[in-house]
Amino acid sequence: MEITQLQQEVDEWIKTVGVRYFNELTNMAMLTDEVGEVARIIARRYGEQSEKESDKTKDLGEELADVLFVTLCLANQTGTNLQEAFDRKMKLKTERDQKRHLNNEKLK
């Protein structure tokens, strides 16, 4: 599925189920909260922090999907075509980093 389709799906959901978009500042706060939940899982499951019993049932995929959902909301609200932006970013990163990572001794 293309990112454009995901943006359309989120927009349709907002209009039919969610009633309306939260304002951009609220969504930015929500995005920060969702990223924090991802960070908590990563830090405790894969990092050095001990994982609490209540954290063991947390689904990383679900939390990442929350981040994606709010990101798509913000893109829709601000008129950002994420597909175009992503394609441009991948082109830029490929051109800029084509040899950079291959020549990085730290990655070998």
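Shown above is the structure to which this text applies.
One numbering rule holds for all chains: residues counted from 1, following each sequence as written. Totals for whole chains, interfaces and linings use every residue, but because this is a predicted model, local features are given only for residues with pLDDT of at least 70 and side-chain atom pairs only at 80 or more, for both listing and counting. Each side-chain value is worked out from all heavy atoms of the structure, with water and hydrogens disregarded.

*Asks:* Any chance you could explain the pattern of salt bridges here in plain terms?
*Replies:* Whenever Lys or Arg places a side-chain nitrogen within 4 Å of a carboxyl oxygen from Asp or Glu, that contact is recorded as a salt bridge. Taken as a whole and assessed by the stated rule, the structure comprises ten salt bridges. Taking the shortest distance from any N to any O, the salt bridge between R40 and D55 comes out at 3.1 Å. You can see R40 sitting in helix α2 (residues 24-45) and its partner D55 sitting in the loop between α2 and α3 (60-78), a full 15 residues away along the chain. Buried means the residue's accessible area, taken with a 1.4 Å probe over protein chains only, is under 20% of the maximum for its type, while exposed means over 50%, and partly exposed covers the values in between. Its relative accessible area of 34% is what places R40 among the partly exposed residues. Classification of D55 as buried rests on a relative accessible area of 5%. We note a salt bridge from K91 to E95, for which the minimum N-O separation is 3.0 Å. Here the residue K91 and the residue E95 both occupy positions in helix α4 (residues 82-97), the gap between them amounting to four residues, near one helical turn. In terms of burial, K91 and E95 fall into one category: exposed. Strands are runs of DSSP state E lasting at least 2 residues, helices are runs of H or I lasting at least 4, and numbering of each runs from the N terminus.

*Asks:* What's the story with the packing of aromatic side chains in this structure? I'm lost.
*Replies:* The description of two aromatic rings rests on the distance between their centres and on the angle between their planes. What counts as a ring pair is set by centres within 6.5 Å for rings of Phe, Tyr and Trp (its six-membered ring), and what kind of pair is set by the plane angle: stacked under 30 degrees, edge-to-face over 60, tilted for all other angles. What the rule picks out here adds up to one aromatic pair. Relative to F69, the ring of W13 lies with its centre 5.6 Å away and its plane at 90 degrees, an arrangement referred to as edge-to-face. Here W13 is found in helix α1 (residues 3-16), whereas its partner F69 is found in helix α3, with 56 residues between them in sequence. Given the relative accessible area of 40%, W13 is considered partly exposed. Its relative accessible area of 29% is what places F69 among the partly exposed residues.

All quantities given are derived from atomic positions and should not be read as evidence of function.
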